[in-house]
Amino acid sequence: GERALQIQERCESEAGKATTFASFYVFLFHHMKPLQSLSKLFLEGYQSGMRTGDKSMSMWCLLWNVVLLYRTGKPLKLIVEQCQASITQMVELKEEDQASMQRMYWQLYLNLMGSSNNTVELSGKAMDEKEVVFTPFSHATFIIVKTIASSLFGRYELGAHLVL
């Protein structure tokens, strides 16, 4: 992973930077580096993608940067605001997979804040799980987010059932 980042820097090219950052920081480096150190890098990937026209990878970097806010314990109110802003941008850029996935996380955060009567159902202001048309990416995210909600709200059997 480090070698790929060094090659990316040596090329002195913005092309592919968002893809490199998103791939390594989502799938590899979060196991090896403090989570707090990844935010700056996701934002750099986001900015690089926007500069080079790689809007898809840029939006993936933005999505994971907002998720990172939750994983590093930032206040839910701040995270909800970031979700709303990022979804607006994702929709404007027609990056629906990322927007759909961000809505799932947004609904989780709203549920954690007590904004929903059913804590483990992803239905409310951000989305309605009964109306989602799933893609492979969004379905995997739905299972992950619903499992997180099930675990946090003590519905362990529901969470276990989801992943089996």
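Not measured: the values here are computed from a predicted model.

Cut-off values and rules
- Residues numbered from 1 in each chain as written.
- Predicted model: local features only at pLDDT ≥ 70, side-chain atom pairs only at ≥ 80, totals over all residues.
- Heavy atoms only, no water.
- Salt bridge = Lys/Arg side-chain N within 4 Å of Asp/Glu carboxyl O.
- Helix = DSSP H or I, 4+ residues; strand = E, 2+ residues; numbered from the N terminus.
- Expected span 1.5 Å × (residues − 1).
- Buried < 20%, exposed > 50% of the residue type's maximum accessible area, 1.4 Å probe, protein only.
- Arc of directions from axis to C-beta.
- Axes fitted to C-alpha atoms, helices over the stretch in contact; angles between N-to-C directions.
- Parallel < 35°, antiparallel > 145°, perpendicular 65-115°, else oblique.
- Contact = heavy atoms within 4.5 Å.
- Nonpolar A, V, L, I, M, F, W, Y, C, P; charged D, E, K, R; others polar.
- Left-handed = near helix turned anticlockwise from the far one by under 90°.
- pLDDT = per-residue confidence, 0-100.
- Phe/Tyr/Trp six-rings, centres within 6.5 Å; stacked < 30°, edge-to-face > 60°.
- Polar contact = N/O pair within 3.5 Å; in protein donor to acceptor, adjacent residues only side chain to side chain.

### Some words on the pattern of salt bridges
All chains considered together, the criterion is met by 3 salt bridges. The salt bridge involving glutamate 81 is made with lysine 77; its shortest N-O contact spans 3.2 Å. With glutamate 81 and lysine 77 both in helix 5 (residues 76–92) and 4 residues apart, the pair spans about one turn of that helix. Among the salt bridges present, the one from lysine 146 reaches glutamate 129, with a minimum N-O distance of 2.9 Å. Taken together, the positions of lysine 146 in helix 7 (residues 136–152) and glutamate 129 in the loop between helix 6 (96–112) and helix 7 put the pair 17 residues apart, joining distant regions of the chain.

### Let's talk about helix 3 (residues 38–52)
Taking 1.5 Å of rise per residue, 15 residues should cover 21 Å, and helix 3 covers 21 Å from first to last C-alpha, within 8% of that figure. Regarding helix 3, the residues found buried are Leu38, Leu41, Phe42, Gly45, Tyr46, Ser48 and Gly49. Angularly, the buried residues of helix 3 cover 165 degrees about the axis, an arc narrow enough to put them on a single face. Among the exposed residues of helix 3, those pointing more than 90 degrees away from its buried face are Lys40 and Arg51. Within two residues after helix 3, glycine 53 carries a phi angle of roughly 85 degrees, on the positive side.

### Thoughts on the packing of helix 6 against helix 7
Here helix 6 crosses helix 7 at 10 degrees, and the two axes come no closer than 9 Å. It follows from the interaxial angle that helix 6 and helix 7 lie roughly parallel. Packed against helix 6, whose contacting residues are Asp97, Ser100, Met101, Met104, Tyr105, Leu108 and Leu112, the element helix 7 presents Phe137, Ser138, Thr141, Phe142, Ile144, Val145, Ile148, Ala149 and Leu152 at the interface. Considering only residue class, the contact of helix 6 with helix 7 consists of 12 nonpolar, 3 polar and 1 charged.

### Some thoughts on the packing of helix 4 (residues 55–71) against helix 6
At a minimum axis distance of 10 Å, the contact between helix 4 and helix 6 shows a crossing angle of 15 degrees. Classed by the angle they form, the pair helix 4 and helix 6 counts as roughly parallel. In the crossing of helix 4 with helix 6, the sense of the turn from one axis to the other is left-handed. Facing helix 4, whose interface residues are Ser56, Met59, Trp60, Leu62, Leu63, Trp64, Val66, Val67, Tyr70 and Arg71, helix 6 presents Asp97, Gln98, Met101, Gln102, Tyr105, Tyr109 and Leu112.

### Quick notes on the confidence of the model for the protein chain
Put simply, the protein chain has an average pLDDT of 85, and 80% of its residues get 70 or more. Ranking the elements of the protein chain by mean pLDDT puts helix 1 (residues 2–10) last, at 55, and helix 5 first, at 98.

### Topic: unusual backbone geometry
Notably, lysine 94 is not glycine yet its phi reads approximately 60 degrees, a positive angle. Along the chain, the position of lysine 94 falls in the loop between helix 5 and helix 6.

### Remarks on the packing of aromatic side chains
Each aromatic ring pair is specified by the distance between its two centres and by the angle formed by the two planes. This model, assessed by the stated rule, comprises 5 aromatic pairs. Their ring planes at 70 degrees and their centres at 6.4 Å tell us that tryptophan 64 and tyrosine 105 sit as a pair that is edge-to-face. Here tryptophan 64, found in helix 4, pairs with tyrosine 105, found in helix 6; they are 41 residues apart in sequence, far enough to count as distant. Taking relative accessible area as the criterion, tryptophan 64 reaches 17% and is therefore assigned buried. Cluster of aromatic residues (ring-pair linked, three or more members): Trp64, Tyr70, Tyr105 and Tyr109.

### Observations regarding the environment of serine 116
Mapped onto the elements, serine 116 comes out in the loop between helix 6 and helix 7. Not counting residues within four places of it along the chain, the set of residues in contact with serine 116 comprises Gln107, Leu110, Asn111, Glu121 and Ser123. Reaching out from serine 116, the side chain makes a polar contact with the backbone oxygen of serine 123 at a distance of 3.5 Å.

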